[in-house]
Amino acid sequence: MGILSVPGAALAQDASPAAAQAAKAQTAKPNVVVLATGGTIAGAGASTVNSATYTAAKVPVDKLLAGLPELAQIANVRGEQVFQIASESFTNDNLLTLAKRVSQLAKQSDVDGIVITHGTDTLAETAYFLSLTVHTDKPIAVVGSMRPGTALSADGALNLVNAVSVAGSKDARGKGVFVTMNDEINTARDVNKDINIQTGAFKSQWGPLGMVVEGKNYWFRAPVKRHTMNSEFNIDNIDKLPQVDIVYAYGSVQPTAVNALVDAGAKAIVHAGTGNGSVADRMVKPLQDARGKGVLIVRSARVPYGFVLRNAEQPDDKYDWVVAHDMRPEKARLLTMLALTKGANTKELQRMFWEY
Ligand SMILES: N[C@@H](CC(=O)O)C(=O)O
C-alpha cells in the first residue's frame, strides 16, 4: 500500500456492501452542532492590543465558523445562533431554552456531539446545568475565550477547535459535559472561572479530566459524580425554575438581604459563608426564621476551594439546614433549583449535594 493510501481503501477492494459501509464509517467525520450564545469568543475589540477592552457578543456564529477552516478537517460542523449575549446577563429562561435545544439535538441520529460557545463569566454554571439536565451519552463541550478574536494571542480559535474535536470524539462519550479551554478538558461539575484576566482561567480543584493536543484527547480521569444519563433531572420535563438566591457573608453583614429575599418569595437561600461556610451570629436567627417559613437554607462557602462539612461551624441537623459540599454558591443555587422542581425536602437535597 502506498504512503498516501487512505484508511479503509484496502477494505473497499472487498466488493461486499457491508465492507464498503464499514470503510465509509471508518473514514466518516462526526457531525457536530455549534450552538452560539455570545460572550468574548464572539467579541471584537478596536485594535489588536485590546485584550480586555472590547465588546462581547458581536460576531455571528456563521462568521466564527467560516474563520476556522481547520474545523472541516475534524468534523462536519454547522452552527446555530441561540442567543447573542454576554453571559453575565444569562437568566434561568436562557438556561431552559439552551438545555432544551441541546437535548433535542442530542436525540437526533445525525448529531454526534454538541458544542456551546458561551461567555466565560457564567460558563461554568451553564455547563453544570447541562450536565445535570440533559440525558445523553453524546459529548457536550462548552467553550469560551478570555480574549476576543481581534486581540493578539486570541485564545478562542484553538479553544473552539478543541471543543469540536472533543464533542466529535467517540472516546468522550458517556463522560458528560466538558469545558474545553486552554488545552484542558475539565468536567462541568468541578470547573470554575478562577481568574478574570488570563487564558488559563478555568480550573477544577480536583484536576482536569485530560488535555487536547493537536486534535487528540488524552484522558487521565473520569467523573465519579452523577451526570447526564444518570441524572434524576431531565430538561424535557422542566419548564420553570423556582426562585433561589444567594446571600454573601462579610464582616458586619446584616440580615437585610435574607429578610428581603424571603419577602420577595425565595424558595431557598444559598448562604455564601466565610471559611468553612461559617455564619455570623446575628445571621443565625434570620436564617432559622426563614427556614421556619419553609425556605430551604443551603450553607456554602465564599472560599473557592475545599468543601463545607455538615454540622461543623453550625448544627445543620438541629437547624434542618443543608450543606453545599464543594459546590460554589452559584452552582449550589442551580442544584437547589432543580431539586425544588422535584419538591425535594432538606434530606433529599442533602443527598443530591453528595451525589451530583
Ligand atoms: N463578560 C463576558 C466575558 C467573557 O466572555 O469572557 C461574558 O461572560 O460574556
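Bear in mind that the values here come from a model prediction, so they are computed numbers and not experimental data.

Q: Describe the site of the ligand, naming the residues involved and giving the relevant values.
A: All residues adjacent to the ligand are G39, T40, A86, S87, E88, G119, T120, D121 and S145. Take T40: an N or O atom from its side chain is 2.8 Å from an oxygen atom of the ligand. Within the contact set of the ligand, an oxygen atom lies 3.3 Å away from a backbone nitrogen or oxygen of S145. Summarising the interface, the protein chains cover 91% of the accessible area of the ligand, which totals 260 Å² for the free molecule.

Q: Provide a residue-level description of the pattern of salt bridges, including the pertinent values.
A: Applying the stated criterion across every chain yields a total of 19 salt bridges. With a closest N to O distance of 3.3 Å, E184 and K203 form a salt bridge. Residue E184 is located in strand β6 (residues 184-187), and its partner K203 is located in strand β8 (residues 202-204); the two are separated by 19 residues in the primary sequence. We note a salt bridge from D317 to R310, for which the minimum N-O separation is 2.9 Å. Sharing partners across several salt bridges, the network here consists of R226, E232, R351 and E355.

Q: Residues and numbers for the confidence of the model for the chain, please.
A: Per-residue pLDDT for the chain has a mean of 94; in total, 92% of the residues score no lower than 70. Long-range and interchain partners of residues 1-14, a stretch whose pLDDT sits below 50, account for nine contacts in this model, where long-range means more than four residues apart. Among the prediction metrics, the complex's ipTM stands at 0.97, with pTM recorded as 0.92.

Q: Residues and numbers for the packing of aromatic side chains, please.
A: Applying the stated criterion across every chain, the model contains five aromatic pairs. Geometrically, the ring pair formed by W206 and F307 is tilted, given 6.5 Å between the ring centres and 50° between the ring planes. Placement of W206 in the loop between β8 and β9 (210-213) and of F307 in the loop between β13 (296-301) and α10 (316-319) is noted, with a sequence separation of 101 residues between them. Judged by relative accessible area, F307 falls into the partly exposed class, the value being 41%. The lysine or arginine in question, K175, covers the ring of W219, its NZ or CZ lying 4.5 Å from the ring centre.

Q: Residues and numbers for the UniProt feature "binding site: substrate" (unreviewed entry) in the chain, please.
A: The positions UniProt marks with the feature "binding site: substrate" (unreviewed entry) are S87, T120 and D121. These residues run over 35 residues, yet every pair of their C-alpha atoms falls within 6.8 Å of each other. You can see S87 is positioned in the loop between β2 (76-85) and α5 (92-107). The residues contacting S87, other than those within four sequence positions of it, are H118, G119, T120, D121, T122 and L123. Residue position: D121 is located in the loop between β3 (113-117) and α6 (123-133). Owing to a relative accessible area of 44%, D121 belongs among the partly exposed residues under this scheme.

Q: Talk me through the packing of α6 against helix α11 (residues 329-341); I want residue IDs and the actual numbers.
A: Helix packing for two helices is described by the angle between their axes and how far apart those axes are. One way to put it is that α6 packs onto α11 with a least axis distance of 9 Å and a crossing angle of 30°. Here α6 lies roughly parallel to α11, going by the angle between them. Every pair of crossing elements has a handedness; the one defined by α6 and α11 is right-handed. When α6 is examined against α11, the residues A124, E125, Y128, F129, L132 and T133 are found in contact with a partner set consisting of E330, K331, L334, L335 and L338.

Q: Explain the sheet that holds β6 to me, using residue names and the numbers behind them.
A: Taking strand neighbours across the sheet as the criterion, the eight strands line up as β2-β1-β3-β4-β5-β6-β9-β10 in an open arrangement whose pairing is mixed. A strand with exactly one partner marks an edge of an open sheet, and here the two such strands are β2 and β10 (216-219). For this sheet the average axis-to-axis angle between neighbouring strands, irrespective of direction, equals 25°. Bridge analysis of strand β1 (residues 31-38) against β2 gives seven bridges, and the strand direction is parallel. When the sheet's bridge partners are listed, V34 is paired in β2 with G79. The sheet contacts of helix α7 (residues 156-167) involve β1, β2, β3, β4 (140-143), β5 (177-181), β6, β9 and β10, and relative to β3 the element is tilted by about 155°.

Parameters at a glance
- Residues numbered from 1 in each chain as written.
- Predicted model: local features only at pLDDT ≥ 70, side-chain atom pairs only at ≥ 80, totals over all residues.
- Heavy atoms only, no water.
- Near = heavy atom within 4 Å.
- Polar contact = N/O pair within 3.5 Å; in protein donor to acceptor, adjacent residues only side chain to side chain.
- Areas by Shrake-Rupley, 256 points an atom, 1.4 Å probe, with all protein chains shown as cover.
- Salt bridge = Lys/Arg side-chain N within 4 Å of Asp/Glu carboxyl O.
- Helix = DSSP H or I, 4+ residues; strand = E, 2+ residues; numbered from the N terminus.
- pLDDT = per-residue confidence, 0-100.
- Contact = heavy atoms within 4.5 Å.
- Phe/Tyr/Trp six-rings, centres within 6.5 Å; stacked < 30°, edge-to-face > 60°.
- Buried < 20%, exposed > 50% of the residue type's maximum accessible area, 1.4 Å probe, protein only.
- Lys NZ or Arg CZ within 6 Å of the ring centre and 35° of its normal.
- UniProt positions renumbered as here; feature names shortened; annotations may be inferred.
- Axes fitted to C-alpha atoms, helices over the stretch in contact; angles between N-to-C directions.
- Parallel < 35°, antiparallel > 145°, perpendicular 65-115°, else oblique.
- Left-handed = near helix turned anticlockwise from the far one by under 90°.
- Pairing = 2+ DSSP bridges.

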